[in-house]
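Chain residues, written in single-letter form:
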Amino acid sequence: PSAGPSDPLQALHWSAHRLPLREGCADIAVLDLPFGPTVKKIPPLFRSRVPTFIAELARVLRPSTGRCVLLSQTLQRLQVCLDSRFFAHFRSREVNVGGYLCYLVTATRSEAVWTSDADGDE
């Protein structure tokens, strides 16, 4: 359902590979990565999909003010994926999610201008 005038927050479910948004138009994005029993599948996920997801966040977040919030059980791999050209002010906090140690990570979009070759597809 769409948000009405009294409901300023709208949550949408889209593919993280290619968001149907123009560059630099989003103020905030939230990404909940797999954890728990599925964490055994994380190495291939982090090599192939997570860098693409995070590049897509960099593309759609507003430069200088856009923020992202990520939940992951693998902090070090996530830090590697957060390209320092496009993200700054990286912060993390340990959280317990159903008995699993996870990390809630926030980052601010840098001032860098997005280029189409930054996502590795070109």
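Shown above is the structure to which this text applies.
Below is a summary of the structure that appears in this document. (Residues numbered from 1 in each chain as written. Predicted model: local features only at pLDDT ≥ 70, side-chain atom pairs only at ≥ 80, totals over all residues. Heavy atoms only, no water.)

## Some words on the environment of arginine 77
Quick note on the threshold: Numbering of helices and strands runs from the N terminus, with a helix taken as a DSSP run of H or I at least four residues long and a strand as a DSSP run of E at least two residues long.
The topology assignment puts arginine 77 in helix α3 (residues 75-81). Sequence-wise, arginine 77 and proline 51 are 26 residues apart; in three dimensions their C-alpha atoms are separated by 9.8 Å.

## Structural notes on the packing of aromatic side chains
Stated precisely, the cut-off is as follows: Centres within 6.5 Å are what make two rings of Phe, Tyr or Trp a pair, Trp counting through its six-membered ring; a difference in plane orientation under 30 degrees is then read as stacked, over 60 as edge-to-face, and the rest as tilted. When accessible area is computed with a 1.4 Å probe and restricted to protein chains, residues below 20% of their type maximum are described as buried, those above 50% as exposed, and intermediate ones as partly exposed.
Overall, the coordinates contain one aromatic pair when judged by the stated rule. On the numbers, 5.0 Å between centres and 50 degrees between planes, the contact of phenylalanine 86 with tryptophan 114 is tilted. With a gap of 28 residues between them, phenylalanine 86 in the loop between α3 and β3 (87-97) and tryptophan 114 in the segment after β4 (100-109) connect regions that are remote in the sequence. What makes tryptophan 114 buried here is its relative accessible area of 10%.

## Structural notes on the side chain of arginine 59
Keep this limit in mind: As used in this structure description, the phrase polar contact means that two N or O atoms lie within 3.5 Å; if the pair is within protein, one of them must be able to donate a hydrogen and the other to accept it, and residues adjacent in sequence are counted only when both atoms belong to side chains. We call two residues contacting when some pair of their heavy atoms lies within 4.5 Å.
Positionally, arginine 59 belongs in helix α2 (residues 50-60). Reaching out from arginine 59, the side chain makes a polar contact with the side chain of glutamate 56 at a distance of 2.7 Å. Excluding residues within four positions of it along the chain, arginine 59 makes contact with Leu19, Leu21, Arg22, Glu23, Gly24 and Trp114.

## Concerning the sheet that holds β4
Formally: Any two strands with at least two DSSP bridges between them are considered paired. Lines are fitted to the C-alpha atoms to define the axes, a helix being fitted only along its stretch in contact, and any angle between axes, read from their N-to-C directions, falls within 0 to 180 degrees.
As summarised here, the arrangement of the four strands in space is β1-β2-β4-β3, forming an open sheet in which the pairing is mixed. Of all strands in the sheet, those with a lone pairing partner are β1 (28-32) and β3, marking the two edges. Taken over all neighbouring pairs, the strand axes of this sheet differ in orientation by 15 degrees on average, direction set aside. Examined bridge by bridge, strand β2 (residues 67-72) and β4 share six bridges and lie antiparallel to one another. Paired with serine 72 across the strands is tyrosine 103, a residue of β4.

## Description of the layout of surface pockets
For clarity, the cut-off: The rule is simple: put a 1 Å grid over the protein atoms alone, call a set of points where a 1.4 Å probe fits but cannot get out a cavity, call an open set with protein on both sides within 12 Å along at least five of seven lines a pocket, and count a residue as lining if it has an atom within 4 Å of a point. Grid points are joined across faces, edges and corners, and a volume is the space filled by probe spheres set on the points.
Its boundaries defined by the atoms lining it, the largest pocket holds a volume of some 760 Å³. Taken together, 21 residues make up the lining of the largest pocket; nearest its centre are Leu12, Trp14, Ile28, Ala29 and Val30. At the level of elements, β1 and α2 are the ones that each hand at least two residues to the lining of the largest pocket. Here the lining of the largest pocket gets five residues from one element, more than from any other, and that element is β1.

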